[in-house]
Amino acid sequence: MAQKRDYYEVLGVSKSATEDEIKKAYRKIAIKYHPDRNPGDKEAEEKFKEAAEAYSILSDKQKRQQYDQFGFDGPNMGGGFGGFSGDFSVDDIFSMFGDIFGGRGFGGFSSFGGGGQRTQYRGTDLRLKVRLSLLEISTGVTKKFKVKKDVACSHCHGSGAENGSGSETCPTCHGQGVVVKTVRTMLGMMQTQSECPTCHGEGTVIKNKCRECGGTGVVKGEEVVEINIPAGVAEGMVVNVPGKGNAGPHNGVNGNIQVYIEEEKNDTFIRDGQDVLYNLLLDFPTAALGGEVEIPTIEGTKVKIKIEPGTQPGKTLRLRGKGLPAVQGYGNGTGDLVVNISVYVPKELSRSEKEMLQKLRESDNFKGDTQTKKSIFDKFKNYFN
């Protein structure tokens, strides 16, 4: 059995991380390794479980305190610290941390059947990608998609039965939806229960199948779907739209649509979480003398900022609240517009410009502070030796 990794290492957070930072880190990892994004990938599933186990401990104040003090040798370690055993399933995770995902998947899977109950069919999920501009991300946007999907059969109204012939009790399972078999083992006679192969867990079978859908209750179709994308989303996030996926067979529950977010490259701004970075190239006179300059905003408007006399290259200015809003579960408030200042140096000069700069070069004020130059040299002298 592989040795367990430190829970803080698993989530990629420090031991001083806040509850919000732990939740954010777990959600990010869980989305990356989510079973619905990595079908059949056992390694991704194990990472998904590992992150869930770490979160079960670090999100609980008492368990986290015990773990910080005793590590894996702490109290209640038997059978898996935090209530997890070695064979816990993905469904166990969804039942414990449904609030992280908003349901089983990325916001709304339903669970049906099992345990001798009749199965209620559920349509499969659809996946879409949407590319958003920075402006759309800052304000939120509604997108329309023409989606090809399974829809309820109009001929039988989704029942799967021709002319309302209806259904009858399954002769194999007698309406239970499951069949029970008794087998002889080394421990004696044992009973096993499995889904009925005739009705597939429904407990009923259709008398006369619909000629349009063949008894499934669904046919191929399309629908225009409006999807509301909340403000503040980021590359790699998934927005779940419940009930807009494929129709469930036999009037079952519709699946969901999972919308994967992609960000368009912006030529003016660079996104840094909720902050937005803008590189301002100042002319030398303005940097030296000070003044006012206009810079763009995400919304496409202009805003004036004050440049102090003697502004140095590398200085940053921060416009509070001019960045991106936080999407629920990923932070708080609104970010800033951060202005990084550079100073433009022309490559070519006219004769008169050269003459003016020659005169300025002779001025002690333009030679730089001796002490400052010495400190810079001391900092980098090892590179000159």
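Our structure's up above, just so we're on the same page.
Residues numbered from 1 in each chain as written. Predicted model: local features only at pLDDT ≥ 70, side-chain atom pairs only at ≥ 80, totals over all residues. Heavy atoms only, no water.

Visitor: Summarise the sheet that holds strand β14 (residues 316-319); cite the residues concerned and give the values.
Guide: The 4 strands lie next to each other as β10-β11-β15-β14, forming an open sheet whose pairing is mixed. Bordering the open sheet on either side are β10 (270-272) and β14, each of which pairs with just one other strand. Adjacent strand axes in the sheet meet at a mean angle of 30° when their direction is disregarded. Sheet topology places β10 next to strand β11 (residues 275-283); 3 bridges connect them, and they run antiparallel. Residue pairing in the sheet places Arg-271 in a bridge with Val-276 of β11. (Pairing = 2+ DSSP bridges. Helix = DSSP H or I, 4+ residues; strand = E, 2+ residues; numbered from the N terminus. Axes fitted to C-alpha atoms, helices over the stretch in contact; angles between N-to-C directions.)

Visitor: Can you tell me about the state of the cysteines, naming the residues and giving the values?
Guide: Here a disulfide denotes one covalent bond, and it connects the sulfur atoms of two cysteines. In this structure the tally under the stated criterion is 0 disulfides. With no disulfide of its own, Cys-196 has Cys-199 as its nearest cysteine by sulfur position, at a separation of 3.7 Å. Looking at the unpaired Cys-213, the closest cysteine sulfur is the one in Cys-156, lying at 3.7 Å. A relative accessible area of 10% places Cys-213 in the buried class. (Disulfide = S-S within 2.5 Å. Buried < 20%, exposed > 50% of the residue type's maximum accessible area, 1.4 Å probe, protein only.)

Visitor: Explain the pattern of salt bridges residue by residue, including any values.
Guide: Pairing between side chains of opposite charge can happen when the charged atoms of each approach one another. Evaluated as defined, the whole model comprises 19 salt bridges. A salt bridge links Lys-143 to Glu-136; its shortest N-O distance comes to 3.0 Å. Across the pair Asp-275 and Arg-318 runs a salt bridge whose closest N-O atoms are separated by 3.4 Å. Of this pair, Asp-275 sits in strand β11 while Arg-318 is found in strand β14, placing the two residues 43 residues apart along the sequence. (Salt bridge = Lys/Arg side-chain N within 4 Å of Asp/Glu carboxyl O.)

Visitor: Go over helix α2 (residues 19-32) with me, naming the residues and quoting the values.
Guide: The end-to-end C-alpha distance of α2, which contains 14 residues, comes to 20 Å, matching closely the 20 Å that a straight helix rising 1.5 Å per residue would cover. By the burial criterion, the buried members of α2 are Ile-22, Ala-25, Tyr-26, Arg-27, Ile-29, Ala-30 and Ile-31. (Expected span 1.5 Å × (residues − 1).)

Everything listed is a geometric property; what it means functionally is a separate question.
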